[in-house]
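# Report on the structure
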Amino acid sequence: MSMYENAKKIYSSYYNVDTEKAIDLLGKIPISIHCWQGDDVRGFDNSECLSGGIQSTGSYPGRAKNFKELMADMDKAFSLIPGSKKLNLHASYAIFDNGQAVDRDKIEPKHFSKWVEYAKKRKMGIDFNPTLFSHPMAKNNLTLSSPDLLVRDFWINHCKQCLKISEYFAEETGMPCVMNIWIPDGYKNIPADRFAPRERFKSALDEILSTQYDKSKVYITLESKVFGIGLESYTVGSSEFCLSYSSQRGIVPLMDNGHYHPTEMVSDKISSLLLFNPKIALHVTRPVRWDSDHVVLFDDETREIAKEIVRNNALDRVFIATDYFDASINRIAAWVTGVRSVQKALLIALLDPCDEMKTLQENSEWTKLMMLQENMKTAPYGAVWDEYLKRENVCRDYWCEIQKYEQEVLINR
């Protein structure tokens, strides 16, 4: 009997769980994979250093320096990642031909046509993010909340253009586009006025949303943050602001699990948001103390986030994306490790006897529930994961593949 057949028998006999169903479901869950891991969030549209509370540390060789290199690196990563995937782009990855560059407030769908060709060839949808950082008009770490009307209008127009591009992505790929708005706005020291910046941010968002767009094709999300480098004392787009605005305007709240205080758990917030929102969105990352953008690992919180999605029958209501950037290690390994960690967490969630656990809780059978939860930690999910990789025709141990690509491609850049 193979390891998988033995695991299948154990899950069926002991836990009444169908491993075949779990494998089938896992392969259909789309993970939106961020392009910015491959070039340390540099983008193609300007030479500005990273700003807006964003930093990428390390100088591992092989960073992608243009769209061809980035696409090649993503292809290598995608070949080592099983399951359904989407491409997640920032607006700063616009591709300008023949030196016909425009500023961010004037970008158009045509500047992303090569990305559409890339996605369609690989049968992927595209998600999108206005890029409101690392730009001269992000003055003093203020964009949509700036007291300077010229600055504010520049970024409002940028977001309006991004809406048009998002709709273009959806129409071309035949898959809805999630367009996420996040701003870096805030102050390093204690502000004298917390209200006015948020009032300006709210007004700017209202103007952006006044743009007509097809809500069946584009889902606008709003992402909060607790702090950033250079804005430690006050963040305009706080959790309270973003959740309140999303609820009032009927857009999708997005939680990045690195954008909260260290003791706050996004996994605990998911059920609350699902009660009040048709859909929610997640950026899955790994916070370390106050930094939010480490490669996702198969850790407790990642597993708990996945369990909350599955337990609440919300696989069709939660947009799942990855968001991290590590320049200290092989960037392709970072992509593959992080996305696989999310997928492994989802698999474990799909292999849990959720209904039985819920019944035990409702009946206050706490001892039996605790024992079942502990037993599940040593259930043979590894054999099911290996079987999933086998069926997806993806290798289990991918270091040799990455090392070969590094020696043949990355090291020569």
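Source: prediction; values computed, not measured.

What characterises a pair of aromatic rings is the spacing of the ring centres plus the angle enclosed by the ring planes. All told, the structure shown has 16 aromatic pairs when counted by the stated rule. Ring centres of Phe-44 and Tyr-93 lie 5.2 Å apart, and the angle between their planes is 75°; this geometry places the pair in the edge-to-face category. With Phe-44 in the loop between strand E1 (31-34) and helix H3 (67-79) and Tyr-93 in the loop between strand E2 (85-90) and helix H4 (113-121), this pair connects stretches of sequence that are 49 residues apart. Note on Phe-44: relative accessible area 23%, which makes it partly exposed. Between Tyr-187 and Tyr-234, the ring centres sit 5.7 Å apart and the planes meet at 15°, which makes this aromatic pair stacked.

This brings us to the nonpolar core. If you look at the biggest cluster of nonpolar residues, it comprises 126 residues, and the most contacted ones within it are Trp-115, Leu-144 and Phe-169. Per element, the largest residue contribution to this core is 12 residues, and it comes from helix H10 (residues 331-350). When near neighbours in sequence (up to four residues on either side) are disregarded, Trp-115 contacts Phe-44, Leu-70, Met-71, Leu-87, Leu-89, Tyr-93, Ile-95 and Ile-126.

Turning our eyes to something else, we now look at the pattern of salt bridges. Within this structure, the stated rule accounts for 28 salt bridges. Across the pair Asp-40 and Arg-331 runs a salt bridge, and its minimum N-O distance is 2.9 Å. Of this pair, Asp-40 sits in the loop between E1 and H3 while Arg-331 sits in helix H10, and the two are 291 residues apart along the sequence. Of the charged contacts, one joins Lys-114 and Asp-97 as a salt bridge, the two residues approaching to 2.9 Å between their closest N and O atoms. Here Lys-114, found in helix H4, pairs with Asp-97, found in the loop between E2 and H4; they are 17 residues apart in sequence, far enough to count as distant. Each of Lys-8, Glu-20, Glu-387 and Arg-391 takes part in one network of salt bridges that share partners.

The rules behind each value
Residues numbered from 1 in each chain as written. Predicted model: local features only at pLDDT ≥ 70, side-chain atom pairs only at ≥ 80, totals over all residues. Heavy atoms only, no water. Phe/Tyr/Trp six-rings, centres within 6.5 Å; stacked < 30°, edge-to-face > 60°. Helix = DSSP H or I, 4+ residues; strand = E, 2+ residues; numbered from the N terminus. Buried < 20%, exposed > 50% of the residue type's maximum accessible area, 1.4 Å probe, protein only. Core = buried A, V, L, I, M, F, W, Y, C linked by side-chain atoms within 4.5 Å. Contact = heavy atoms within 4.5 Å. Salt bridge = Lys/Arg side-chain N within 4 Å of Asp/Glu carboxyl O.

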